[in-house]
Amino acid sequence: MTVQDPPDDGTARRDDFAELYRRVVRAGLLRRRPLYYACRGAVLSAALAGLLVCFVTLGASWWQLGLAPLFALLFGQLALLGHDVAHRAVFADRRTTDLVGIVLGNLVVGMSYGWWVDDHNRHHAHPNRVGHDPAADSLLFVRSTEQARRTRGLRRLVARHQAELFFPLLSLQALGLLVATGVTLVRGTVRHPVLERTLAALHYALAAALTTAVLAPLQALAFTVLFGALLGAYLGCVFAPNHKGMPLTGPDAGRADFLRRQVLPSRNLRAGRLVHALFGGLGYQIEHHLFPTMPVAALRPASHLVRAYCAEIGVPYAEAGLAACFREVLRDLRTVGRSAPARPGTAAAVGTAR
């Protein structure tokens, strides 16, 4: 996708977001929803307990592979709940937020909460901004022709076929989270390194003990690989439509006002309630970026208000159906990927992607 800088035409008034914020507050959409999150947490906890009972009861059977997709879906939902906790959409004070986030992230999901918060906060501060947004500098995909031109060896080969490899590559997301967690906790570059290390180690020790106690070695390996691949693909599919295929922003993007900096590189998902539930509410990506602490239950009504306001001030508001989102993502990945030189030493023309 083309790296673009915001137009400096004097139309991006600083009070645009202030007015939108006032309207959202008047509508009561920033109020916390403790009952919603209590019910959501209780349902997910009950589902986890039920799946664990089924896992132990079924025993050493290859039918356990049928439970792997259910575990992947459930752990993805738990990770999405942790996402809301980290954004302080659930608790107001930082101490409770961090404690619950670490328990949910490190102990339950097995992902470093501190690493994820730092990585995700940088994304929110500079969405789709090259050199600032970690998601715009992904190891798995090239997002701009400049990145494609710098690839070498196997990385270049993957880049040229990244559209065709999109879903298989997403299956590596869980492995990437595991590696990032391990590196972060070894280095201790989080606010609570001892607590995070202890709970993450406990998570993997319990997971290993359970799978090896219930399953035969080959079954345990197959279950773990399938679960990890499905979890990675699920989380990748949740986050991919939000910004991939949308305009990247260049080094001068910081000049844009907050509203445009968040809206222009984001895309909403036009879908029913079930799909939005599977996406943890993140299909309302524009509203989430404008109001990160907004509870998921408020994002749908907020989208009506934000869409109308963007039309009122002349700011493009991107949204598409699920299939259209992925078509746009794949089309952009294909265009950018093919701009990589075909062979080392080949002077392939690197044009500007659409």
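Residues numbered from 1 in each chain as written. Predicted model: local features only at pLDDT ≥ 70, side-chain atom pairs only at ≥ 80, totals over all residues. Heavy atoms only, no water.

## As for the overall build of the protein
Of the regular secondary structure elements, the protein holds 16 helices and four strands. In summary, the protein has a C-alpha radius of gyration of 21 Å against a globular reference of 20 Å for 354 residues, a match within 12%. Over its C-alpha atoms, taken along the principal directions, the protein stretches across nearly 65 × 60 × 40 Å. The 354 residues of the protein split such that 47% are buried. Taking as baseline every contact in the protein between residues at least 6 positions apart, the subset at least 24 positions apart corresponds to 73%. (Helix = DSSP H or I, 4+ residues; strand = E, 2+ residues; numbered from the N terminus. Rg over C-alpha atoms; globule rule 2.2 N^0.38 Å. Buried < 20%, exposed > 50% of the residue type's maximum accessible area, 1.4 Å probe, protein only. Contact = heavy atoms within 4.5 Å.)

## A closer look at the environment of Leu 322
For Leu 322, the location among the structural elements is in helix α16 (residues 322–337). According to the relative accessible area criterion, Leu 322 is partly exposed, its value standing at 33%. Along the backbone, Leu 322 and Leu 269 are 53 residues apart, and their C-alpha atoms lie at a distance of 6.3 Å.

## Here's the deal with helix α4 (residues 94–109)
Owing to its 3.6 residues per turn, the α-helix brings residues three or four apart onto one side. Here α4 has its buried residues at Thr 97, Asp 98, Gly 101, Ile 102, Leu 104, Gly 105, Asn 106 and Val 109. Residues of α4 that are buried in the fold lie against α3 (68–86), α5 (113–125), α9 (173–187) and α10 (193–214). Just downstream of α4 lies Gly 110, where phi reads positive at about 90 degrees.

## As for the state of the cysteines
Tallied over the full model, the rule gives zero disulfides. Cys 325 supplies the cysteine sulfur nearest to Cys 237, a cysteine that is in no disulfide, at a spacing of 12 Å. (Disulfide = S-S within 2.5 Å.)

## Thoughts on unusual backbone geometry
A negative phi angle is the norm for most residues apart from glycine, just as the trans form is the norm for most peptide bonds. Unlike most non-glycine residues, Arg 88 shows phi in positive territory, near 60 degrees. Checked against the element boundaries, Arg 88 lands in the loop between α3 and α4. Looking at Arg 88, the relative accessible area reads 31%, which means it is partly exposed. Within the chain, Asn 128 stands out as a residue other than glycine whose phi angle is a positive 60 degrees. By secondary structure assignment, the location of Asn 128 is in the loop between α5 and α6 (145–150).

## With respect to the pattern of salt bridges
Under the criterion given, the structure shown has 13 salt bridges. The residue Arg 260 makes a salt bridge to Asp 16 at a minimum N-O spacing of 2.9 Å. Pair noted here: Arg 260 is in helix α12 (residues 258–263) and Asp 16 is in helix α1 (residues 15–26), with a separation of 244 residues, a long-range link. Taking relative accessible area as the criterion, Asp 16 reaches 1% and is therefore assigned buried. (Salt bridge = Lys/Arg side-chain N within 4 Å of Asp/Glu carboxyl O.)

## Brief notes about the nonpolar core
Ranked by size, the top nonpolar core spans 55 residues in total, and within it Leu 259 and Leu 290 carry the most contacts. With ten residues, the single largest contributor to this core is α3. Those residues in contact with Leu 290 that sit more than four places away from it in its chain are Phe 17, Leu 20, Phe 258, Leu 259, Gln 262, Val 263 and Val 306. One finds Phe 141, Ala 163, Leu 169 and Cys 237 within the second-largest nonpolar core, a separate group that totals twelve residues. (Core = buried A, V, L, I, M, F, W, Y, C linked by side-chain atoms within 4.5 Å.)

## Some details on the environment of Leu 177
Tracing the backbone through its elements, the reader meets Leu 177 in helix α9. For Leu 177, a relative accessible area of 22% corresponds to the partly exposed category. With 127 residues separating them in the primary sequence, Leu 177 and His 304 have C-alpha atoms 34 Å apart.

## Re the packing of α3 against helix α11 (residues 217–243)
Two elements in contact, α3 and α11, have axes separated by 8 Å at closest approach and are oriented at 45 degrees. Of the possible angle classes, the one that applies to α3 and α11 is oblique. Where α3 crosses over α11, the handedness of that crossing is right-handed. Along the contact surface, α3 presents Ala 68, Pro 69, Phe 71, Ala 72, Leu 73, Phe 75, Gly 76, Gln 77, Ala 79 and Leu 80, while α11 presents Phe 223, Leu 226, Phe 227, Leu 230, Leu 231, Tyr 234, Leu 235, Val 238 and Phe 239. For the contact of α3 with α11, a count of residues per class yields 17 nonpolar, two polar and no charged. (Axes fitted to C-alpha atoms, helices over the stretch in contact; angles between N-to-C directions. Parallel < 35°, antiparallel > 145°, perpendicular 65-115°, else oblique. Left-handed = near helix turned anticlockwise from the far one by under 90°. Nonpolar A, V, L, I, M, F, W, Y, C, P; charged D, E, K, R; others polar.)

## Some points on the confidence of the model for the protein
Looking at the protein as a whole, the pLDDT averages 89, with 91% of positions reaching at least 70. Long-range and interchain partners of residues 1–12, a stretch whose pLDDT sits below 50, account for 38 contacts in this model, where long-range means more than four residues apart. Scored below 50 in pLDDT, residues 345–354 shows 21 contacts in the model against residues more than four places distant or in partner chains. (pLDDT = per-residue confidence, 0-100.)

## Brief notes about the packing of aromatic side chains
Going through the model one piece at a time under the given rule, you end up with 13 aromatic pairs. Between Phe 17 and Phe 258, the aromatic rings sit 4.8 Å apart at their centres with planes inclined by 70 degrees, giving edge-to-face as the arrangement. Taken together, the residues Phe 17 in helix α1 and Phe 258 in helix α12 connect sequence positions 241 residues apart. Given a relative accessible area of 18%, Phe 17 falls into the buried group. Grouping aromatic residues by their ring pairs yields a cluster made of Phe 17, Tyr 21, Phe 258 and Phe 291. (Phe/Tyr/Trp six-rings, centres within 6.5 Å; stacked < 30°, edge-to-face > 60°.)

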